[in-house]
Each structure stands twice: as structure tokens, then as C-alpha cells.
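# Inside the fold
Below are the chains, spelled out letter by letter.
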Amino acid sequence: MARIFSGIKPTGSVHLGNLLGALRNWVAMQSEHSAVYCVVDLHALTVPHDPDELRKATLSLSQMLIAVGIDPEQSTLFVQSHLHEHAECAWAMECTAAVGELRRMTQFKDKSDSSDFVSGGLFTYPALQTADILLYDTDQVPVGEDQRQHIELARDIAMRFNSRFGQTFVVPEAVIPATGARVMDLQHPENKMSKSEAGGQGTILLLDDPATIEKKFKRAVTDSETEIRFDPDTKPGVSNLLSILGAVTGQEPAAAASGLNRYGDLKAATAEAVIELLGPIQACYQELTADPAETSRLMTLGANKARTVASATMDRVRTNLGLLQR
Ligand code: TYM
């Protein structure tokens, strides 16, 4: 059975891009694979953060992952900082990665260009992400398009480590969905939808109520034409709506245009499909928030399952690196 691993950061609120680009695949893949999913709180430390907010966001994101359909009994669902193996393996990965490789990461360039304070952790972030993946003998990593470069780096580091120190890691590959891999911001369709986009009018949060979702779609930026056509280069706003509608209704973006004649109809149809998708998720999330102790129990269960695999990998890493036995 192939092993799946993926992670999501507890920064900001979960949005439609996370769901369509990654989380839906996490849910779909868990029944046929051995799946390990992680709330990567150590990654959230790479940018300035508020400790209370991080604690709340980590619990809330864990509940949201269960609400979207991750089964914590079937899959392994855990919080990254609950296992010291991640930070430990990350050091070995930092020592295997080249500075030049880390410097080429576009996410680092984007984030460091827009910040006053750039931590060392932000620079070595992809080495920690590599550790996350390689600790679980991962074959496949379901992610959105923006993570492709990080997964490529994880592959390169795994192969380099194996060739220097002997067979240690499985070389993983990215699994990126055909539609929804890059959901764009509704106000700025040239940028990806993100947790941090100022104002948030272009981001659909999974916890937005139906009226807010309708309003955000109604105000979505389109263009001065009237034709509904999938053409991301010349019609980014309309194409983004078609991609969202297609991803939610299980069609190709171009096919999602059929029967729709006006931009207003496209926006209304997309809003309706998204509201329908999110309704059951929101109801389940509300139930879970009533019992945080149960979520903590499930996350402890997940950490214990994850530790069995991660500690065996770390034993192999230590031996192959030549670290003296304890
Ligand atoms: P994060 O927390 O930014 O996003 C979680 C997942 O959501 C996807 N995603 C999107 N997909 C489509 N359209 C969008 N607008 C959009 N925005 C986000 C991301 O591609 C991701 O799959 N570095 C990772 C977290 C991570 C990780 C890992 C992932 C840490 N360790 C190991 C995989 C394996 C990140 O910041 O994801």
C-alpha cells in the first residue's frame, strides 16, 4: 500500500484553495493508502506569530481537518511539534541541502521580499518540509501547485542523502489535482488565494457563512467583455470562477461554462456550488468545537501512530550518518 504524507500550516483560516488544491485529495486518498496528515505548527514559527493565536489555530485546524473528512482512526493525523523527530531530521536535511538550492525557492523569495524580519527558519523551511515527508517513507504527497518546487527539492535531497550515506529514504512524488490546483484570489486573480491576502474579500474561508460567500462571489473581479470562456491568460477572473465551479462540480473548467450566459449567472452558480460543498463541513466543525478534549485525544492517538514510523526512520538516519549509538 502506497504511503501518503501531507501537511498544512496553522496560520490564518483554512480557505477554498486549501480545500480544492489539497484537502479534498487527502480525503479521497485515505481509504486506499496508508495516509499520514500533519498540522505543521513548527512551520508557523518561521514568521512572527502570537503564541495564543497559534495554540488556538492548531486546535481549530485539527478540527477542520476532521470536519472535511479526514478519519483520525483510519489515517494518522497529528501535530508536528508533538514529535521531536521532525526538528531532528530537519537538521540532517539542512546539512544535505545546498544554500543555492534553498535560495532558489520561490516561496522564500516571495515571503522574504514582503517582510521586515526574515528568520533563518524561513530560509531553511523547505528542509523541515523535506524532513516531514521523508520521515514517513512517503511515496506520494498530495499538494496544490504552489508546493511543487518544495516537493522537487525533497526528492533531490532524498536522492543525494541516499547516494552519500546508503539507502535511507523513499523518494517521494507530488500528486497535484487536475482542477483546483491553483485557486486564485477573487479580487486579484493574478495572485493565488491565500490566508494572508489583506482584507480577505478575495478569499473564501471554509467558515464563511452563505451570505458572505455570495457577496464575495458577486464582487469577484471579471473583465469588460461578456463572454464566459476558459482562458486564464486573457480572462483570469472568469477562468478562476470556472475552475472553482469545475473543481466543485467535478467537471473540466471549460465544460462548467455550458448553459451559463452572463457573468452574474456564473457567479451565482459558483457561489451556490461552494455553499453546498461547505454546509456539511461547517456543521461537522461546529460539533467538534463543542468537545476540544476529544480532539486532543485523537491528536495524541495520531502522534503515537506517527512516532512508530518516524522514530524507526530516525534510527536509520542516525546510523547511516555515523552518529554514535546511544
Ligand atoms: P499551506 O498550509 O500553505 O497550504 C496547505 C495546502 O493547500 C494548498 N494550497 C492551495 N491549493 C490551491 N490553490 C490555492 N490557492 C492554495 N493555497 C494553498 C497547498 O499547496 C498545500 O498543499 N509548506 C506547506 C505545508 C507543509 C507540507 C509539508 C506540505 C509542511 N510540510 C510536507 C506537504 C508535505 C504549506 O505551507 O502549505
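Everything numeric in this text was worked out from a predicted model, so none of it was measured.

### Quick look at the domain arrangement of the protein
- Domains assigned within the protein are domain 1 (3–175 + 292–321) and domain 2 (195–286).
- Each partner contributes residues to the interface: domain 1 has 17 residues there, and domain 2 has 16 residues.
- Contact between domain 1 and domain 2 buries roughly 1,400 Å² in total, counting both sides, with carbon and sulfur atoms accounting for 73%.
- Applying the counting rule to domain 1 against domain 2 returns zero salt bridges.
- Between the two partners, domain 1 and domain 2, sit five residue pairs in polar contact (both at pLDDT 80 or more).
- Secondary-structure elements contributing two or more residues to the side of domain 1 that touches domain 2 are helix H1 (16–30) and helix H3 (51–68).
- A breakdown of the residues in the side of domain 1 that touches domain 2 according to their chemical character gives eight nonpolar, seven polar and two charged.

### Some words on the site of the ligand
- Neighbouring residues of the ligand: 28 residues in total, closest Lys9, Tyr125, Asp132, Asp146 and Val183.
- Between the ligand and Tyr125, the relevant distance is 2.7 Å, taken from a nitrogen atom to a side-chain nitrogen or oxygen of the residue.
- Within the complex, 97% of the 720 Å² of free accessible area of the ligand lies under protein.
- When residues of the shell around the ligand are traced back to their parent elements, those giving at least two are strand E1 (3–8), H1 and helix H7 (120–134).
- Of the residues belonging to the shell around the ligand, the class tally is eleven nonpolar, eleven polar and six charged.

The rules behind each value
- Residues numbered from 1 in each chain as written.
- Predicted model: local features only at pLDDT ≥ 70, side-chain atom pairs only at ≥ 80, totals over all residues.
- Heavy atoms only, no water.
- Domains from an automatic or database assignment.
- Contact = heavy atoms within 4.5 Å.
- Buried area = accessible area lost by both parts, 1.4 Å probe.
- Salt bridge = Lys/Arg side-chain N within 4 Å of Asp/Glu carboxyl O.
- Polar contact = N/O pair within 3.5 Å; in protein donor to acceptor, adjacent residues only side chain to side chain.
- Helix = DSSP H or I, 4+ residues; strand = E, 2+ residues; numbered from the N terminus.
- Nonpolar A, V, L, I, M, F, W, Y, C, P; charged D, E, K, R; others polar.
- Near = heavy atom within 4 Å.
- Areas by Shrake-Rupley, 256 points an atom, 1.4 Å probe, with all protein chains shown as cover.

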